[in-house]
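What the coordinates show
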Amino acid sequence: MNSFATLMARGLPERIFGCLKRMGREGDRLGVGVYLVGGAVRDLLLGVRNIDLDIVVEGDGIGFARWLARRMGGRIKRYDRFGTALLVLRPGIKLDLASARRESYERPGALPRVSKGDLQADLYRRDFTINSLALCLNSARFGKLFDPYGGRKDLEEGVIRVLHKQSFSDDPTRIIRAVRFEQRYDFSLEQETESLLKEAVAGGLLSRVSGQRIGDELILILKEKRPLKAIKRLDEFGILSFLCPGMKVDEELFHQIEGAFSRLNFLKVEHWTVYLLALVWGIDLKRALQFARSIHLPKRVSALIEDSRRGKGKVDRLLQLSHPRPSQIYRALEGLSSEILVFLLAREAKPKLEEYVGIMVRELSKVKLIISGNDLKELGIPQGPIYRRILDRVFEARLDGKVKGRADELGMAERIWREDEV
Ligand code: ATP
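Moving on, we get to the overall build of the protein. A tally of helices and strands in the protein yields 22 helices and eleven strands. At 28 Å, the protein has a C-alpha radius of gyration far larger than the 22 Å of a compact globule built from 422 residues. Referenced to the eigenvectors of the C-alpha coordinate spread, the extents of the protein come out at roughly 90 × 50 × 35 Å. Sorting the 422 residues of the protein into buried and exposed places 51% on the buried side. Just so you have it, the protein exposes about 20800 Å², and 48% of that area is on carbon and sulfur atoms.

Another aspect to go through is the packing of aromatic side chains. Scanning the model with the defined rule gives nine aromatic pairs in all. Note on Tyr124 and Tyr149: the rings are 5.5 Å apart at their centroids and 50° apart in plane angle, and the pair reads as tilted. Separated by 25 residues along the polypeptide, Tyr124 in helix α5 (residues 119-124) and Tyr149 in the loop between β9 (145-146) and α6 (151-157) bring together distant segments of the chain. Under the relative-accessibility criterion, Tyr124 is labelled partly exposed at 37%. With a centroid separation of 5.0 Å and 65° between ring planes, the pair formed by Trp281 and Phe343 is classed as edge-to-face. Linking Trp281 in the loop between α14 (271-280) and α15 (285-294) with Phe343 in helix α18 (residues 338-348), this pair joins segments that are 62 residues apart in sequence. By relative accessible area, Phe343 is classed as buried at 0%. An aromatic cluster of at least three residues, connected via ring pairs, comprises Phe254, Phe261 and Tyr275. For the cation-ring pair, Lys21 lies above Phe142, with the distance from its terminal atom to the ring centre recorded as 4.8 Å. Across the ring face of Phe181, the terminal group of Arg180 is positioned such that the distance to the ring centre comes to 4.7 Å.

So, on to helix α4 (residues 61-73). In this model, α4 (13 residues) spans 17 Å end to end at C-alpha, consistent with the 18 Å of a helix rising 1.5 Å per residue. In this structure, the buried side of α4 is in contact with α2 (14-30), β1 (33-37), β2 (53-58), β3 (74-79), β4 (84-89) and β5 (93-99). Two to three positions downstream of the cap, the backbone nitrogen of Ile62 sits 3.2 Å from a side-chain oxygen, assigning the N-cap of α4 to Asp60.

The subject of this paragraph is the domain arrangement of the protein. Each assigned domain of the protein is listed with its residue range as follows: domain 1 (3-157), domain 2 (158-244), domain 3 (250-362) and domain 4 (373-418). Computed from C-alpha coordinates alone, the two centres of domain 2 and domain 3 are separated by 28 Å. In this complex, domain 2 contributes 17 residues to the contact, which on the side of domain 3 involves 14 residues. Between domain 2 and domain 3, roughly 1400 Å² of surface is buried when both sides are summed, and carbon and sulfur atoms account for 78% of that area. When the buried surface of domain 2 facing domain 3 is broken down by residue, Leu222, Leu228 and Cys244 rank first, second and third, together holding 38% of it. Across the pair Glu251 and Lys232 runs a salt bridge, and its minimum N-O distance is 3.5 Å. Inspection of the domain 2/domain 3 interface yields one residue pair in polar contact (both at pLDDT 80 or more).

Take the packing of helix α16 (residues 299-320) against helix α17 (residues 326-333) next. Two numbers describe how α16 lies on α17: the axes approach to 9 Å, and their chain directions differ by 160°. Looking at the two axes, α16 sits roughly antiparallel to α17. The two elements α16 and α17 cross, and the hand of that crossing is left-handed. Judged by residue contacts, Lys314, Val315 and Leu318 of α16 engage Gln328, Ile329, Arg331, Ala332 and Leu333 from α17. Of the residues that constitute the contact of α16 with α17, the class distribution is five nonpolar, one polar and two charged.

This part takes up the nonpolar core. Formed by 120 residues in total, the largest nonpolar core has its most connected members in Leu20, Leu36, Leu95 and Leu333. Among the elements that take part in this core, α14 stands out by supplying eight residues, more than any other. In contact with Leu333, not counting residues within four places along its chain, are Val315, Leu318, Leu341, Tyr356, Val357 and Met360. Of all hydrophobic cores here, the second largest spans 14 residues; its members include Ile381, Ile386, Leu391 and Val394.

Further remarks concern the site of the ligand. If you check the shell around the ligand, you find 15 residues, and the closest are Arg42, Asp171, Arg174, Arg180 and Arg184. A distance of 3.0 Å is found between an oxygen atom of the ligand and a side-chain nitrogen or oxygen belonging to Arg126. Note that a nitrogen atom of the ligand is positioned 3.3 Å from one of the side-chain N or O atoms of Arg177. About the coverage of the ligand: the protein hides 77% of its 590 Å² of free accessible area. Within the residue set of the shell around the ligand, elements represented by two or more residues are α3 (39-46) and α8 (173-184). Element by element, the count of residues in the shell around the ligand is highest for α8, at six residues. Grouping the constituent residues of the shell around the ligand by class yields one nonpolar, four polar and ten charged. No fewer than three residues from each of domain 1 (3-157) and domain 2 (158-244) sit in the shell around the ligand.

Under the criterion given, the structure shown has 44 salt bridges. Arg233 is paired through a salt bridge with Glu182; the nearest N and O atoms lie 2.7 Å apart. Taken together, the residues span a long stretch of sequence, with Arg233 in helix α11 (residues 228-236) and Glu182 in helix α8 at a distance of 51 residues. Between Arg406 and Asp375 there is a salt bridge; the shortest N-O distance is 2.8 Å. Here Arg406, found in helix α22 (residues 405-421), pairs with Asp375, found in helix α20 (residues 373-378); they are 31 residues apart in sequence, far enough to count as distant. A residue is classified by how much of its surface remains accessible, and Arg406, at 39% relative accessible area, is partly exposed. Among the residues examined, Asp375 registers a relative accessible area of 10% and is labelled buried. Overlapping salt bridges, with partners in common, bring together Asp127, Arg177, Arg180, Arg184, Glu217 and Glu224 in one network.

Cut-offs applied
- Residues numbered from 1 in each chain as written.
- Predicted model: local features only at pLDDT ≥ 70, side-chain atom pairs only at ≥ 80, totals over all residues.
- Heavy atoms only, no water.
- Helix = DSSP H or I, 4+ residues; strand = E, 2+ residues; numbered from the N terminus.
- Rg over C-alpha atoms; globule rule 2.2 N^0.38 Å.
- Buried < 20%, exposed > 50% of the residue type's maximum accessible area, 1.4 Å probe, protein only.
- Areas by Shrake-Rupley, 256 points an atom, 1.4 Å probe, with all protein chains shown as cover.
- Phe/Tyr/Trp six-rings, centres within 6.5 Å; stacked < 30°, edge-to-face > 60°.
- Lys NZ or Arg CZ within 6 Å of the ring centre and 35° of its normal.
- Expected span 1.5 Å × (residues − 1).
- Contact = heavy atoms within 4.5 Å.
- Polar contact = N/O pair within 3.5 Å; in protein donor to acceptor, adjacent residues only side chain to side chain.
- Domains from an automatic or database assignment.
- Buried area = accessible area lost by both parts, 1.4 Å probe.
- Salt bridge = Lys/Arg side-chain N within 4 Å of Asp/Glu carboxyl O.
- Axes fitted to C-alpha atoms, helices over the stretch in contact; angles between N-to-C directions.
- Parallel < 35°, antiparallel > 145°, perpendicular 65-115°, else oblique.
- Left-handed = near helix turned anticlockwise from the far one by under 90°.
- Nonpolar A, V, L, I, M, F, W, Y, C, P; charged D, E, K, R; others polar.
- Core = buried A, V, L, I, M, F, W, Y, C linked by side-chain atoms within 4.5 Å.
- Near = heavy atom within 4 Å.

This is the structure we're talking about:
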């Protein structure tokens, strides 16, 4: 085996490696070139685990995917518009297959016009040299590295470099991608690339890209393990305030969120949304919601932004009580999602609040009333809004340990009704 074949054998799970070898043999049979490309090759060379596999076929990518699904057992999902297919092989291995293609851009930010191309043309349409590497999978050349644009050297030197001067204007989302890769790997932007990036930002090229694509790239940054560095870099280039005037990084808050994630690991949290809350915290609610809509963030994120403001008021009131009863803790924190709890905790940085959240999650959220509206009916209480009032009060008494068991609950319900009648 050559050194890159050995790298694949060592760096990939055995069944995936076996699968790639088999794909190469199937390519031989059909007489098409088959290559592993992009992020997976980059990360193999860096020694970083990545099983997001992109395959390029010099020939009909979708046809090849269909052939593989039949021969190796699996199914495909076609994306005809892009000439790509997702192949899911039986043991659950997923691969993206595409025909090698050439792209041309009619105007900055537009989707590219796509035509058939060879491997070299396919690699030329990529964002950065470090993502323009390919490893051949066909048997005779298995593990041969294709590196027409100097990606390997840039990987070794820790450099992010575009392939040509037009790159950022062809696709301005690459501005955000450059920052993401630079910060993820602790690389630096190559000098000319950095100048081109600054020119692209100054020229307002990002405004030519759809909000959806900007949003997708911002989410990818927020999904990085520690997004603060990349967010700071976006700020440094003036990209944050370009995306949303007034948007700034609160470094302290990001650090506190990281800390809160590790301390509150019993909470199930979608991390990136908490970082997003931090990003828009300094902006007034109306503009924060406009921003979320403009970049097509999911509706649940807009709801979180609103809840974070509402939740702050409730938490502030709770923190003013010196010895809150369990029912007061419950009422202050009920309905707030884990994301909001983590965010507010990080923001407040108060051990008391952390204790209350722990009590809420571990104990109070599990408390259920034994009696229900039916029991009130049987007690002869006429139906109406009073049911909600009675059940709420009995529930709070349960939380505070003042009633235990069904008889207690019924007794209290009856007492409340009588008092109410007086
Ligand atoms: P990650 O580890 O973040 O998933 P990746 O490199 O695998 O990184 P993808 O977004 O999955 O990123 O893209 C796969 C490949 O497609 C990239 O390696 C790159 O070659 C190419 N690519 C993706 N987006 C662009 C773009 N906007 N312009 C040019 N090439 C791109």
